[in-house]
Amino acid sequence: MKLKTILIIVFLIAAGTSANAQWKNEKANKDTRIWRYDIECEGIAKLGSKLVKVWSYSKNPKHAISHAMKNAVHGIIFKGYAGGGQGCTSFSPLVKNAETEGKFKEFFDAFFADGGEYLKYVSAATDGNIAPGDRLKISKREYKIGAIVNVQVDQLRKRLESKEIIRSLTSGF
């Protein structure tokens, strides 16, 4: 009888932990779903990559940090950035047409899903710690968190070309 009770308790705890983790993940996605972020050049990166700082907004700083890589890839694809500091030049987004995201909604929903394909094209450029000046409380309920990431732009471009979302650089005008 005791073993059965213990097994039931362990099962309930495990189910509760899983549900809580899923709820937190959904809340993080809700915080960042509207693609509210700023992106800027951070410096010189390896050939074919861009080193960027992404400022993500969220009610919970942990959510902003976890979505910085997703926001960086989204920024490279749809936003681009102006020139900035040392070695930085302006970068136009890979997708020039604003309607493209809606046209390929199914692809981008899967691409940017949690654990999605976007992770193949981005990596943290630091040890994961946020510098004190990159954690700003901008209101009673919201933070602006800066994280530096490296985006493999050339590989990302090839992927979007293979899905015919963008035209290749050699396709002409």
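As shown above, the structure is provided for reference.
Being a predicted model, the structure only gives us computed values, none of them experimental. (Residues numbered from 1 in each chain as written. Predicted model: local features only at pLDDT ≥ 70, side-chain atom pairs only at ≥ 80, totals over all residues. Heavy atoms only, no water.)

### A few points about the packing of aromatic side chains
1) Next: Counting across every chain of the model gives eleven aromatic pairs.
2) Next: Measuring from ring centre to ring centre gives 5.0 Å for Phe78 and Phe108, while their planes differ by 65 degrees; the resulting arrangement is edge-to-face. Of the two residues, Phe78 is situated in helix H2 (residues 61-78) and Phe108 in helix H4 (residues 105-111); the sequence distance between them amounts to 30 residues. Neither Phe78 nor Phe108 differs from the other in exposure class; each is buried.
3) Next: Summarising the aromatic geometry, the rings of Phe111 and Tyr121 are spaced 6.0 Å apart at their centres and angled 20 degrees between planes, so their arrangement reads as stacked. You can see Phe111 sitting in helix H4 and its partner Tyr121 sitting in the loop between H4 and strand E3 (122-124), a full ten residues away along the chain. This pair shows no difference in class: Phe111 is buried, exactly as Tyr121 is.
4) Next: Over the ring of Tyr37 we find Lys79, and its NZ or CZ is 4.2 Å from the ring centre.
5) Next: Taking NZ or CZ as reference, Lys144 lies 5.2 Å from the ring centre of Trp55, over its face. (Phe/Tyr/Trp six-rings, centres within 6.5 Å; stacked < 30°, edge-to-face > 60°. Helix = DSSP H or I, 4+ residues; strand = E, 2+ residues; numbered from the N terminus. Buried < 20%, exposed > 50% of the residue type's maximum accessible area, 1.4 Å probe, protein only. Lys NZ or Arg CZ within 6 Å of the ring centre and 35° of its normal.)

### Some remarks on the state of the cysteines
1) Next: Counted under the stated rule, the structure contains one disulfide.
2) Next: For Cys41, the disulfide goes to Cys88, at an S-S distance of 2.1 Å. Looking down the S-S bond of the Cys41 and Cys88 bridge, the torsion is -75 degrees, so its handedness is left-handed. Residue Cys41 is located in strand E1 (residues 37-43), and its partner Cys88 is located in the loop between H2 and helix H3 (100-103); the two are separated by 47 residues in the primary sequence. (Disulfide = S-S within 2.5 Å.)

Note that all results are geometric; they support no functional claim without further evidence.
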